[in-house]
Protein chains: 2
Amino acid sequence: MGTGHQHCQHRGANLAELADRLRRGARKLTGPRQLVLESLRHSRHPQTPKEIHAALAGQPCDLATVYRSLKVLSDLGMVQRFDFGDGIARFELVAEGRDGHHHHLICTRCARVVELDECFLDEIQQRIATANGFRAVTHKLEFFGLCPDCQ
Amino acid sequence: MGTGHQHCQHRGANLAELADRLRRGARKLTGPRQLVLESLRHSRHPQTPKEIHAALAGQPCDLATVYRSLKVLSDLGMVQRFDFGDGIARFELVAEGRDGHHHHLICTRCARVVELDECFLDEIQQRIATANGFRAVTHKLEFFGLCPDCQ
DNA sequence: CACGAACTGCAAACTATTTGCAGCGCCGGT
DNA sequence: ACCGGCGCTGCAAATAGTTTGCAGTTCGTG
């Protein structure tokens with residue numbers, strides 16, 4: 001596999017960045033990790049480990065390795081975990097440049113996902129943190145409803 | 001066990017209401033269901049099924065039955081499910097009178113939970129729903145951070 | 001180019017949650 | 001107060017998602 005750059009850079013980190021961050025942590029740039037990153041890069045919405053694994057069809061990569069790779073990518077801050085309330089972890093690439101913080105609008109019937117780019121909670125979050133003496137406060141927020149097709 | 005009323009009615013529905021709602025759904029008022037309801041009534045924060053089961057020590061009630069009871073109570077709208085991002089379901093009694101909608105501020109180190117009574121997302125949610133053509137939109141929101149003791 | 005640390009596949013272990021089944025108990029009707 | 005039927009429960013086993021132990025393989029540095 002060459003070191004060439006990809007033609008379509010939908011979103012998020014690229015191979016070079018991955019290699020770089022991995023090196024800094026005494027981690028290795030391996031096939032499975034590239035595969036997982038690639039898979040996420042081609043996905044528009046959060047993917048479950050199982051989905052990621054399925055998308056790798058052909059390439060040899062154990063599901064357990066997908067989990068381990070996601071852990072690494074997550075530790076490196078290149079991937080973010082989301083919960084859609086069904087107890088299944090979903091992962092999405094962190095958008096390049098930004099901190100990647102955003103939310104989703106999920107159809108409870110067909111599972112369709114809309115990415116919401118804005119986050120309006122900064123001020124409210126700050127207020128809550130202060131009021132309760134908490135520090136380093138973050139939040140998880142997802143919206144659920146019926147999409148136009150499912151109403 | 002008598003049919004007497006409890007002396008401390010912290011929050012949420014009581015036995016009479018449970019019996020009433022159950023009857024309406026051709027469901028039965030059984031020991032385990034009362035136990036689960038009681039247990040939740042004495043809890044100030046969302047409880048995992050395992051915690052609920054543990055709190056029932058002494059009373060015979062299978063963990064599977066706790067799950068089933070929670071499902072029933074949830075269907076009846078007397079109990080609400082929360083996700084704290086660790087993939088474990090937690091349940092809380094729906095506050096009496098109100099719709100019970102609220103959020104939590106959770107310490108990521110000691111798991112302490114602060115109940116947040118207000119919800120500030122109504123307007124934002126409405127805007128998002130409209131903008132995307134969704135209906136019957138709800139949301140799940142939890143805040144995470146370090147509590148004063150853990151900083 | 002060799003070496004060691006990191007990584008992978010495979011299988012087994014775990015944890016949370018659900019389900020099949022046979023017997024028991026609640027509740028409306030009598 | 002009693003009966004009968006439909007839930008409901010306990011128990012155990014099945015699922016489903018995720019993690020882990022181990023032995024062999026690979027990456028990246030010296």
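Parameters and conventions
Residues numbered from 1 in each chain as written. Chains lettered and ligands numbered in written order. Predicted model: local features only at pLDDT ≥ 70, side-chain atom pairs only at ≥ 80, totals over all residues. Heavy atoms only, no water. Core = buried A, V, L, I, M, F, W, Y, C linked by side-chain atoms within 4.5 Å. Buried < 20%, exposed > 50% of the residue type's maximum accessible area, 1.4 Å probe, protein only. Helix = DSSP H or I, 4+ residues; strand = E, 2+ residues; numbered from the N terminus. Contact = heavy atoms within 4.5 Å. Axes fitted to C-alpha atoms, helices over the stretch in contact; angles between N-to-C directions. Parallel < 35°, antiparallel > 145°, perpendicular 65-115°, else oblique. Left-handed = near helix turned anticlockwise from the far one by under 90°. Pairing = 2+ DSSP bridges. Domains from an automatic or database assignment. Buried area = accessible area lost by both parts, 1.4 Å probe. Polar contact = N/O pair within 3.5 Å; in protein donor to acceptor, adjacent residues only side chain to side chain. Near = heavy atom within 4 Å. Nonpolar A, V, L, I, M, F, W, Y, C, P; charged D, E, K, R; others polar. Salt bridge = Lys/Arg side-chain N within 4 Å of Asp/Glu carboxyl O. Least-squares fit on C-alpha atoms with pLDDT ≥ 70 in both.

### Some thoughts on the nonpolar core
One recurring pattern in soluble globular proteins: nonpolar side chains tend to sit buried together.
1) Next: Judged by nonpolar contacts, the single largest core of 31 residues is most densely connected at A:L105 and B:L105.
2) Next: Contributions of two or more residues to this core are made by β3 (103-107), β4 (113-116), α5 (122-132) and β5 (135-146) of chain A together with β3 (103-107), β4 (113-116), α5 (122-132) and β5 (135-146) of chain B.
3) Next: Discounting residues that sit within four places of it in the chain, B:L105 has contacts with A:I128, A:N132, A:F134, A:V137, B:R112, B:V113, B:V114, B:L116, B:F143 and B:F144.

### Overview of the packing of helix α1 (residues 15-24) of chain B against helix α2 (residues 31-41) of chain B
Residue and element names in this part refer to chain B.
1) Next: One way to put it is that α1 packs onto α2 with a least axis distance of 11 Å and a crossing angle of 135 degrees. Considering their axes alone, α1 and α2 lie oblique with respect to each other. As α1 runs across α2, the sense of the crossing is right-handed. Listed contacts from α2 to L15, L18 and L22 of α1 are R33, Q34, L37, E38 and R41.

### Details of the pairing of β5(A)
1) Next: Here β3(A) runs beside β5(A); their pairing, made up of 4 bridges, is parallel. Looking at the pairing, A:L105 lines up with A:F143 of β5(A).
2) Next: Pairing between β5(A) and β5(B): 9 bridges, direction antiparallel. Paired with A:K140 across the two strands is B:E142, which belongs to β5(B).

### Here's the deal with the domain arrangement of chain A
Residues and elements named next belong to chain A.
1) Next: The assigned domain composition of chain A is domain 1 (1-97) and domain 2 (101-151).
2) Next: Taking only C-alpha atoms into account, the centre of domain 1 sits 23 Å from that of domain 2.
3) Next: Counting residues at the interface gives 9 residues for domain 1, matched by 8 residues for domain 2.
4) Next: A buried area of about 760 Å², summed over both sides, lies between domain 1 and domain 2, and 56% of it is on carbon and sulfur atoms.
5) Next: By the criterion of area lost to domain 2, the three top residues of domain 1 are H45, F82 and F84, representing 57% of everything that side buries.
6) Next: Joining domain 1 to domain 2, the criterion identifies 5 residue pairs in polar contact (both at pLDDT 80 or more).
7) Next: The biggest single contributor to the side of domain 1 that touches domain 2 is strand β1 (residues 79-83), with 3 residues.

### Observations concerning the protein's contact with DNA strand C
1) Next: Lining the immediate environment of DNA strand C, one finds 20 residues, of which A:T30, A:R33, A:T65, B:K28 and B:Y67 sit closest.
2) Next: Here, DNA strand C places atoms within 4 Å of the protein, and 68% of those atoms are sugar or phosphate.
3) Next: A:K28 places a side-chain nitrogen or oxygen 3.0 Å from a base nitrogen of DNA strand C.
4) Next: One nitrogen or oxygen atom from the side chain of A:R68 is found 3.0 Å from a base nitrogen belonging to DNA strand C.
5) Next: Counting residues per element, the ones that place at least two in the surface near DNA strand C are α2 (31-41) and α4 (63-75) of chain A together with α3 (49-55) and α4 (63-75) of chain B.
6) Next: In terms of residue count, the dominant contributor to the surface near DNA strand C is α4(B) (3 residues).
7) Next: Here the surface near DNA strand C is composed, by residue class, of 9 nonpolar, 2 polar and 9 charged.

### Regarding the interface of chain B and chain A
1) Next: Between chain B and chain A, the residue contacts involve 35 residues of the former and 35 residues of the latter.
2) Next: A buried area of about 3,000 Å², summed over both sides, lies between chain B and chain A, and 68% of it is on carbon and sulfur atoms.
3) Next: Joining chain B to chain A, the criterion identifies 0 salt bridges.
4) Next: Taken together, the links from chain B to chain A amount to 10 residue pairs in polar contact (both at pLDDT 80 or more).
5) Next: Listing elements by their share of the side of chain B that touches chain A, those giving two or more residues are β1 (79-83), β3, β4, α5 and β5 of chain B.

### Examining the relation of the copies chain B and chain A
1) Next: The two copies are related by a screw operation: chain B maps onto chain A through 180 degrees of rotation and 0.0 Å of translation along the axis, at an RMSD of 0.0 Å. Look at the turn and shift together and you get a two-fold axis relating the two.

### A word on the environment of A:L105
1) Next: Within the fold, A:L105 resides in strand β3.
2) Next: Measuring from C-alpha to C-alpha, the distance between A:L105 and A:S39 comes to 22 Å, with 66 residues separating the pair along the chain.
3) Next: Among all residues touching A:L105, those that are not within four sequence positions of it are A:R112, A:V113, A:V114, A:L116, A:F143, A:F144, B:I128, B:N132, B:F134 and B:V137.

### With respect to α2(B)
1) Next: Most of α2(B) sits out of view: 8 of its 11 residues are buried.
2) Next: Buried residues of α2(B): B:R33, B:L35, B:V36, B:L37, B:E38, B:S39, B:L40 and B:R41, and no others.

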